[in-house]
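# Commentary on secondary and tertiary structure
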Amino acid sequence: MKTISTVLSVLAFIGVSILLAMQFSNKKDASKTKTSFAAPVKGGGRIAYIDIDTLQNKYELYKVKKEEFTKRQAAAEAELESSAKKMQSDYESLQKRAQAGSLSQSEGEAAQKRLYQMQQSLELRRQTLSQQLIKDQEAFNKDFQASLDKLLEEYNKDRGFDYILSYAKGGSILWANKQLDITNDVVEALNEMYKNEQKKK
């Protein structure tokens, strides 16, 4: 689910940019207040982060959905491959008949038309399956983001973080203090929500 990772990485980058902008705008007053760069910005600056890789590996609903999407993609590919093989077989059979001279012009034209329709149908099916899978993944990402937003709003009520960023290796945050990592808390809460929803079904 690269979309989740991308969205959260962008949000993290924006958060860091805002913090840096605030820090540099207060730099003029730094000599008077003797505030170091590492100190929290006045009126805020408490930060925590969520490790996206860990979240994806431990969040049960994410793992279930990932497996579901992988199976659906494999089934779609198998279906398309089977149709493509059938079309290839029909084409080879037609070619053999043409080479043997046992195919009339009208039969050849009809077979060619049928193969063209099969090809068009195959391409349409490929597009339909691909679009449906993308649509379902986007819907899951939207629901997941809404759940995460709701959970973090509740989680942060008594913790007072000003920013909760996303962290992923190779992302825009190059290093993170492990003491700021709230991933396990969030994963536990998300899994608890998922279990409760499963019980209601």
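Okay, so let's go over this structure.

### Some words on the overall build of the chain
Each helix and strand in the chain was counted, giving six helices and two strands. When the elements of the chain are put in sequence order from the N terminus, they spell out α-α-β-α-α-α-β-α. Across the 201 residues that make up the chain, the buried fraction comes to 27%. For the chain, long-range pairs separated by at least 24 residues make up 83% of all intrachain contacts whose partners lie at least 6 apart in sequence.

### A few points about the nonpolar core
Core analysis: the largest hydrophobic core is formed by 22 residues, its most contacted members being Leu 55, Tyr 59, Val 186 and Leu 190. Secondary-structure elements contributing two or more residues to this core are strand 1 (47–51), helix 3 (52–58), helix 4 (60–100), helix 5 (105–155) and helix 6 (183–200). A per-element tally of this core places helix 5 first, with seven residues. Discounting residues that sit within four places of it in the chain, Val 186 has contacts with Ile 50, Leu 55, Leu 148, Leu 151 and Leu 152. By size, the runner-up hydrophobic cluster in this structure holds eight residues, among which are Ala 76, Met 87, Leu 94 and Leu 115.

### Some points on the side chain of Thr 183
For Thr 183, the location among the structural elements is in helix 6. Discounting chain neighbours no more than four positions away, the residues touching Thr 183 are Tyr 49, Ile 50, Asp 51, Thr 54 and Leu 55.

### Things to note about the environment of Met 87
Looking at the secondary structure, you find Met 87 in helix 4. Between the alpha carbons of Met 87 and Met 118 there is a distance of 6.9 Å; along the sequence they are 31 residues apart. The residues touching Met 87, leaving out its near neighbours within four places in the chain, are Leu 115, Met 118, Gln 119 and Leu 122.

### Focus: the packing of aromatic side chains
Using the criterion set out here, one finds five aromatic pairs in the structure. Summarising the aromatic geometry, the rings of Tyr 62 and Phe 140 are spaced 6.4 Å apart at their centres and angled 45° between planes, so their arrangement reads as tilted. Here Tyr 62, found in helix 4, pairs with Phe 140, found in helix 5; they are 78 residues apart in sequence, far enough to count as distant. By relative accessible area, Tyr 62 is classed as buried at 5%. Centroid distance Phe 140 to Phe 144: 6.3 Å. Interplanar angle 25°. Geometry classified as stacked. Highlighted residues: Phe 140 and Phe 144, both in helix 5, separated by four residues, approximately one helical turn.

### Structural notes on helix 4
Side chains that are three or four residues apart share a direction in an α-helix, a result of its 3.6 residues per turn. For helix 4, which comprises 41 residues, the first-to-last C-alpha distance of 60 Å matches the rise-based estimate of 60 Å (1.5 Å per residue) to within 8%. Among all positions in helix 4, only Leu 61, Tyr 62, Phe 69, Ala 76, Leu 80, Met 87, Asp 90 and Leu 94 are buried. Where helix 4 terminates, the next one or two residues include Gly 101, which has phi positive at roughly 75°.

Conventions adopted
Residues numbered from 1 in each chain as written. Predicted model: local features only at pLDDT ≥ 70, side-chain atom pairs only at ≥ 80, totals over all residues. Heavy atoms only, no water. Helix = DSSP H or I, 4+ residues; strand = E, 2+ residues; numbered from the N terminus. Buried < 20%, exposed > 50% of the residue type's maximum accessible area, 1.4 Å probe, protein only. Contact = heavy atoms within 4.5 Å. Core = buried A, V, L, I, M, F, W, Y, C linked by side-chain atoms within 4.5 Å. Phe/Tyr/Trp six-rings, centres within 6.5 Å; stacked < 30°, edge-to-face > 60°. Expected span 1.5 Å × (residues − 1).

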